[in-house]
Amino acid sequence: MRYAETGFNLEIDLTRGNVEKVVTDPKDTELYLGGLGTNTKIMWDRVPPEVEPFSPENLLIFGAGLLCGTPATGCNRTIITTISPQTKLMAFSMMGGFWAPELKYAGYDKVVFRGKSPKLVYLWINNDKVEIRDASHLKGKGSIETAEILRKELKEPKAQVAAIGMAGENRVYYASIEQGRSSASRGGIGAVMGDKGLKAIVVRGTKDINLSQPSEFMALCNEVLEYIKIREDNPIPGVMPILAGLGSPQEMKVHDEKWHTENFMWGNSRTRRKGFWTDEIAKEWTETMETARTRLISCFNCPMKCGATISMPGLPTYMMKCFTKLTYAMGAFSDLDFGLRIAQLATEYGLDGFSTPQVMAFGLELLENGILSKEDFPEMPEDNEGRFYYLLDKIVRREGIGDVLANGTYWAAKEIGNGAEEYAHNNIKKHEQLPLKLSMLNPIYFLMYATGEKMNITQIEGQFPQAPFPKREHREKFCEDWIQVPDEKFKQYFIDWELRGENSIPYYPTVEMTCDIVDWQERMHYIDDALGQCAGLSSFPLKPPYHIHNYPKFISAGAGIEMDEEKLTQAAKRYRTLVRAFNIRRGMRRKDDRPPENHWKKRFPELEAELLDAYYKLKGWNNDGIPTKESLQQLGLDYVADDFVKRGILTDVEDAAVEEVSA
Amino acid sequence: MKGDKKKKTIKTIKIDVDKCNGCRACEVICSSFHAAPKYSSNNPARSRIRVIRDPLRDVYVPVYAGEYTVAECAGRDKYTIDGKEYDECSFCRASCPSRDDFKEPDSGLPLKCDMCEGEDEPLCVKWCLVDALQVEEREEEVEEGEEQEELETGLESLADKYGMDKIKDAITRLSQKD
C-alpha cells in the first residue's frame, strides 16, 4: 500500500484527447518526495531545453504535495510546474485552497498535461471517471464565474475547480490560474493552460488517504495544533503586526498599512510616499475594508484566516488574500476602494496581482515620457482610474498596445524599444518583482533575490528575522525559545547582528553566515513545496510550527519513508539542484542571478561577487552557477551530470578548474 | 423496568456559524478518528460532520450526522436568514435518500455522529481552533429503555437495506455461534 500519496498520476494528452492513469515509482517519492520535487523530475525527463513555453511538448503539471490530504494542518498546496512564457525557465507557481486534497481523495497525486486541444475543453475528474469535456460555452468567462457554472452544471457543489479567465485564454504572460480563494499567479502559468486549450480542471474525490503510522502521525498533528495556539497567543514582540503571527502576512485582517504604503513604491515601482498614512487615510481605508470584507476565510484544514470574501458594492463577490489588497491601489496612485474594485475584475480575468499593476503603470509611464504616443492608446479615458480599467481590458483582450503589454514589462520594452528598456526596471529574470527600492544592500536579501528561482521573494524569505532588533537583550530573548533553527549557530548570528556599527549590513552577517542563513531559508521553502505545506505555517513566518526537526517525523509516520534531518536536507538539495539544472540547461547562468539594478541605492559589487562565489560553492555549483559533476553525483543526479557533459555544459576540465578557483 | 429514572449526560455542540472559516478540519479529524484502524486513513466524504460551504454566498454551516431515514420528507425546507438563502435541507442532520451526505461513499451505509466515544471531547471541537464548534455537557434525568430504542433503530436501518429475512438469518447464525 502507498501511504500519504496515492501512487497514481493522470496523464492527459490534450492533442489526442487521451486519458491515462499511471502508477508512479515509489523510489521517486523517496528521492524527490512529491509536489515540486517529483514535478521537477518529470520536467527534467520529458521536457528538453529546445521546448518553447507554447509548444505542445511543454508540460503543465498540477502536483499535490506529498502530505496533502493527510490530517497535517495547512498541507493543501498544489504545485503547478511548466515553462514560463515570461522567463522561459521553469515556473513553479503554487496555490493553497482546496484543490490538491480533493485530487488526492479522487485517487491521484498529479495531473500531467501535454499537447494542445484543438478546441477549448475542461477536465472533469470524478474519482475513477475522468473526462475531457467541451468548454466552448465557457470561452471568455471569468475564472470564478467558470467555477460556479461548472459546479452547477455538474451538480457537484463540493467539486473543486481550478480555472483560467480571459487572460489565460489569450496567453497573457502573467495570467494566473484561479481557484476561488487561492491562485497560482506567478510566471504566467495561466497562459500555458490557455495555450493548451484547457479552461478548467474540476475535481471531486471520495476516497481514503492512508497513513503509515497513524498514532505517531496524529500525535505530531496535535503538537502542531498546540503550538499554533501558543504562537497565536504570543505574537512576536518588536516586529510589525503582519509579521508577528503565523500565516501569510495578515493583509485581510490588519488595517494599519503605514508600513506598506510608506515603504513600498507606488506607480511603476517608482515613488516612495513618506507621510502618506495619515489618520484620515487610515479611517477611510479601514472603512472601505470593513464594508467590503464579509468574512475572514481559510484554506483546507488550516485555522489561519489569511483570506477574505470581498463584496464591493455593486460588484460580484470574490476572494482575496495578502498583498493584492494594495498592489492595484499603489500601482495607480489611487485608494483602497479602487484597488478592491479593479482586483475583482482582475481576479475574474485571471491575472497576477504583482505584475499586472506594474505593467499598466509602466505603459502609462512610457506615454508620459513620449516613448509611446497618444495614438497608441486610442479612446483612453482622461481620468486616472479609468485609464487603468482601459489598460486592463486592452491587455486581457490583447488589443492594440495591450497586445504588447500582455507580454510583461521586459518583453514589451524590447518590442517598443526607443529607450523603453529603462522603464522595465523592476525585473529579475524578466519577471516583475515586489515594488521595493531600498537604500543599503542587505546581503541576505541580495542572495535570495539573485538565486531564488522561485522568482518571488515572499516564497524565498522567512524564518530568520528581516532585521535585527535594536537591543541585544531583545535578540537574546528572541533566541530563548527559537527551537526551529537547524543549528545553534544561527542564534549567535542573530544575537550579534546590530542595526549600526561593525556588525550591521552590508558586511554583517558575514558572507559565510549569509550563505548559511539563505540556504536554511531556501531549504525550508523547498521542503514545503514538495510536501504541499503552506509557507504560512512553515517557511515564511518567524518560529513556525513546522520545521526541520519535526518534518522528518511527519514524512516517516505519514508516508512510511524512513527519514531524518540529514536525509531530508539531502532530498531537498537534490530536487533544488534539479530545478537549477533544468534552468541551466535552458541557458540560465550567473549573469542572470541578480536583483534589479536599482533595488538598493548602495551597492557593493565586490561583496556581491563574493557572496555569489561562496553561496555557489556551498550549493555545489561552479562559478557560473552550474551544479558541478561531483555535487550532482553526490546527490544521485548522475543522469544530469551525463547530460551536462553531453551538451557541453560541463566538461571534466572545467569542473576541475572551478574547484581550483573556489578553493 | 419502565418508569425507572437514570442520569444521562447530554452533550451539546454549540455551532457558531459566524466563526466558521470553512477550513473543514472537522471533517478531516472526524473521518480520521472513525477510520478502522483508528486514524489509519482519512476521507472527508466519510465524515460525520459536514461543512455546507459556499463562500461566495457566505454560507458556512457545519452539520452533524443524525438519524438514518429510509424515506425523505414529504416536502423540503429552504431557509433564508438575514437575507442569506441556504440550500434545501441545509440544517437537517438526517442520513437521507435525498442526498449523499452522511453515507459511506462505498457502501452507502448511514453515518452518525457518536461524539467521539472514548475521547475527552469530540475531536471536531478540539480541532476547531477558530472556536466555531464548542461542546457543552449537562446532566439530565431520563427514563430508561433508550438503549433498546437505539438497537431497534439500528436494526431497522439494516432491515431496510438488506430485508428483514436476511437480518433474521444473520441473528440466528450469530446466536448459534454463542
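Analysis parameters
Residues numbered from 1 in each chain as written. Chains lettered and ligands numbered in written order. Predicted model: local features only at pLDDT ≥ 70, side-chain atom pairs only at ≥ 80, totals over all residues. Heavy atoms only, no water. Axes fitted to C-alpha atoms, helices over the stretch in contact; angles between N-to-C directions. Helix = DSSP H or I, 4+ residues; strand = E, 2+ residues; numbered from the N terminus. Parallel < 35°, antiparallel > 145°, perpendicular 65-115°, else oblique. Contact = heavy atoms within 4.5 Å. Nonpolar A, V, L, I, M, F, W, Y, C, P; charged D, E, K, R; others polar. Buried area = accessible area lost by both parts, 1.4 Å probe. Salt bridge = Lys/Arg side-chain N within 4 Å of Asp/Glu carboxyl O. Polar contact = N/O pair within 3.5 Å; in protein donor to acceptor, adjacent residues only side chain to side chain. Left-handed = near helix turned anticlockwise from the far one by under 90°. Buried < 20%, exposed > 50% of the residue type's maximum accessible area, 1.4 Å probe, protein only. Patch = residues over 30% accessible without salt bridge, like charges linked within 9 Å, V, L, I, M, F, W, Y side chains within 5 Å. Areas by Shrake-Rupley, 256 points an atom, 1.4 Å probe, with all protein chains shown as cover. Lys, Arg positive; Asp, Glu negative; His and termini not counted. Charge placed at Lys NZ, Arg CZ, Asp CG, Glu CD. Domains from an automatic or database assignment. Pairing = 2+ DSSP bridges. Core = buried A, V, L, I, M, F, W, Y, C linked by side-chain atoms within 4.5 Å. Phe/Tyr/Trp six-rings, centres within 6.5 Å; stacked < 30°, edge-to-face > 60°. Lys NZ or Arg CZ within 6 Å of the ring centre and 35° of its normal. pLDDT = per-residue confidence, 0-100.

Q: Break down the packing of helix H11 (residues 324–331) of chain A against helix H12 (residues 336–349) of chain A for me, citing the residues and quoting the values.
A: Residues and elements named next belong to chain A. Two elements in contact, H11 and H12, have axes whose closest approach is 8 Å; the angle formed by their N-to-C orientations is 110°. Of the possible angle classes, the one that applies to H11 and H12 is roughly perpendicular. Where H11 approaches H12, its residues Lys-325, Leu-326, Tyr-328 and Ala-329 are matched on the opposing element by Leu-336, Phe-338, Gly-339, Ile-342, Ala-343 and Ala-346. A per-class count over the contact of H11 with H12 returns 8 nonpolar, 1 polar and 1 charged.

Q: Explain the interface of chain B and chain A residue by residue, including any values.
A: Contact with chain B, which involves 33 residues of that partner, is made by 40 residues of chain A. Surface buried jointly by chain B and chain A totals about 2900 Å² across both partners, of which 55% is contributed by carbon and sulfur atoms. On the chain B side of the interface with chain A, the three residues burying the most area are Leu-56, Trp-127 and Leu-129 of chain B, jointly 24% of the side's total. Inspection of the chain B/chain A interface yields 3 salt bridges. Residues Arg-295 of chain A and Asp-58 of chain B are paired through a salt bridge, measuring 2.7 Å at the closest nitrogen-oxygen approach. Our enumeration of links across chain B and chain A arrives at 17 residue pairs in polar contact (both at pLDDT 80 or more). Listed by contribution, the elements that provide at least two residues to the side of chain B that touches chain A are helix H1 (25–33), strand S2 (41–42) and helix H2 (123–127) of chain B. Here the element with the most residues in the side of chain B that touches chain A is H1 of chain B; it accounts for 4 residues. Tallied by class, the residues present in the side of chain B that touches chain A amount to 16 nonpolar, 7 polar and 10 charged.

Q: Could you give an account of the packing of helix H20 (residues 511–531) of chain A against helix H23 (residues 605–619) of chain A, with specific residues and numbers?
A: All names here are of chain A. Their axes nearest at 9 Å, the elements H20 and H23 cross at an angle of 55°. If you check the angle between H20 and H23, you find them oblique. Here H20 and H23 pass one another in a crossing that is right-handed. Touching Val-511, Thr-514, Cys-515, Asp-516, Val-518, Asp-519 and Glu-522 of H20 are Leu-607, Glu-610, Leu-611, Ala-614, Tyr-615, Leu-618 and Lys-619, all from H23. Here the residues of the contact of H20 with H23 are counted per class, giving 8 nonpolar, 1 polar and 5 charged.

Q: Report on the pattern of salt bridges, specifying residues and quantitative values.
A: Residues and elements named next belong to chain A. Within this structure, the stated rule accounts for 71 salt bridges over all chains. We note a salt bridge from Glu-226 to Lys-229, for which the minimum N-O separation is 3.3 Å. Placement of the pair is Glu-226 and Lys-229 together in helix H7 (residues 214–233), with a separation of 3 residues, close to one helical turn. Given the relative accessible area of 39%, Glu-226 is considered partly exposed. Judged by its relative accessible area of 34%, Lys-229 is partly exposed.

Q: If you had to explain a positive patch on the surface to someone new, which residues and values would you point to?
A: A contiguous patch of positive charge, built from Arg-272, Lys-274, Lys-601 and Lys-602 of chain A, is present on the exposed surface. Secondary-structure assignment places Lys-601 of chain A in strand S20 (residues 600–602).

Q: Tell me what's going on with the domain arrangement of chain B, and back it up with residues and numbers.
A: All names here are of chain B. Taken as a whole, chain B is organised into domain 1 (8–142) and domain 2 (146–178). In this structure, domain 1 and domain 2 have C-alpha centres spaced 26 Å apart. Summed over both partners, the interface of domain 1 with domain 2 buries about 530 Å², with 55% contributed by carbon and sulfur atoms. In this structure, the connection of domain 1 to domain 2 is made through 0 salt bridges. At the boundary of domain 1 and domain 2, one finds 1 residue pair in polar contact (both at pLDDT 80 or more). When grouped by side-chain class, the residues that make up the side of domain 1 that touches domain 2 number 4 nonpolar, 1 polar and 2 charged.

Q: Tell me what's going on with the sheet that holds strand S15 (residues 307–310) of chain A, and back it up with residues and numbers.
A: Residues and elements named next belong to chain A. Strands sit in the order S14-S15-S16 across an open sheet of 3 strands; the sheet is antiparallel. Among the strands making up the open sheet, the edge pair consists of strand S14 (293–297) and strand S16 (318–321). Averaged over all adjacent pairs, the angle separating strand axes in this sheet is 30°, with direction ignored. The pairing of S14 with S15 spans 4 bridges and is antiparallel.

Q: Give a description of the sheet that holds strand S2 (residues 18–23) of chain A that names residues and reports values.
A: Residue and element names in this part refer to chain A. Pairing within the open sheet is mixed, and its 6 strands lie in the order S2-S1-S6-S3-S4-S5. Both outer strands of the open sheet, S2 and strand S5 (90–95), are each paired with one neighbouring strand and no more. If you compare each strand with its neighbour and ignore which way they point, the axes differ by 15° on average. Pairing of strand S1 (residues 8–13) with strand S6 (residues 110–114) involves 5 bridges; the strand directions are parallel.

Q: Explain the nonpolar core to me, using residue names and the numbers behind them.
A: Residue and element names in this part refer to chain A. One finds Phe-62, Val-111, Phe-113, Ile-125, Leu-351 and Phe-644 to be the most contacted residues of the largest nonpolar core, which totals 230 residues. Sorting elements by how many residues they give to this core places H20 first, with 11 residues. Apart from the residues lying within four places of it in its own chain, the contact partners of Ile-125 are Leu-10, Leu-103, Ala-106, Tyr-108, Val-111, Val-130, Ile-201, Val-202, Val-203 and Arg-204. Among the nonpolar cores identified, the runner-up in size contains 13 residues, and Tyr-122, Leu-138, Val-161 and Val-202 belong to it.

Q: Quick one: what's the story with the domain arrangement of chain A, residue by residue and with numbers?
A: When the parts come together, some accessible area is lost, and that loss is often what is quoted as the size of the interface. Residues and elements named next belong to chain A. Each assigned domain of chain A is listed here: domain 1 (8–204), domain 2 (220–380) and domain 3 (438–662). In this complex, domain 2 contributes 19 residues to the contact, which on the side of domain 3 involves 19 residues. It is Leu-220, Val-224 and Tyr-227 in domain 2 that bury the most area against domain 3; as a group they hold 33% of the surface buried on that side. At the surface where domain 2 touches domain 3, the tally comes to 0 salt bridges. For the pair domain 2 and domain 3, the interface holds 5 residue pairs in polar contact (both at pLDDT 80 or more). Examining the composition of the side of domain 2 that touches domain 3, we find that 6 residues originate from one element, H7, more than from any other.

Q: I'd like a description of the pairing of S1 of chain A, backed by residues and values.
A: Residues and elements named next belong to chain A. Counting buried positions along S1 gives 5 out of 6 residues, so the element sits mostly inside the fold. Where S1 lies against S2, 6 bridges are found, and the strand directions are antiparallel. Each bridged residue has a counterpart across the sheet, and for Leu-10 the counterpart in S2 is Lys-21. Adjacent in sequence and paired antiparallel, S1 and S2 are bridged by 4 residues, among which Gly-17 carries a positive phi angle near 70°.

Q: Explain the packing of aromatic side chains to me, using residue names and the numbers behind them.
A: Residue and element names in this part refer to chain A. What the rule picks out here adds up to 42 aromatic pairs over all chains. Arranged with centres 5.3 Å apart and planes meeting at 90°, the rings of Phe-469 and Phe-494 form a pair that is edge-to-face. With a gap of 25 residues between them, Phe-469 in the loop between helix H17 (443–451) and helix H18 (472–480) and Phe-494 in helix H19 (residues 489–495) connect regions that are remote in the sequence. Phe-494 carries the same exposure label as Phe-469, and that label is buried. Here the aromatic rings of Tyr-526 and Tyr-575 are separated by 6.3 Å at their centres, their planes lie at 35°, and the arrangement is tilted. With Tyr-526 in helix H20 and Tyr-575 in helix H22 (residues 565–585), this pair connects stretches of sequence that are 49 residues apart. In this pair, the class of Tyr-526 matches that of Tyr-575, namely buried. Through successive ring pairs, a cluster of aromatic residues spans Phe-464, Phe-469, Phe-478, Trp-482, Phe-490, Tyr-493, Phe-494, Trp-497 and Trp-520. Over the aromatic face of Trp-411 sits the side chain of Lys-88, whose NZ or CZ is 5.3 Å from the ring centroid.

Q: Residues and numbers for the confidence of the model for chain A, please.
A: Here chain A averages 96 in pLDDT, while 98% of its residues score no lower than 70. For residues 655–663 of chain A, every residue scores under 50 in pLDDT, and the model assigns this stretch 11 contacts once sequence neighbours within four places are set aside.

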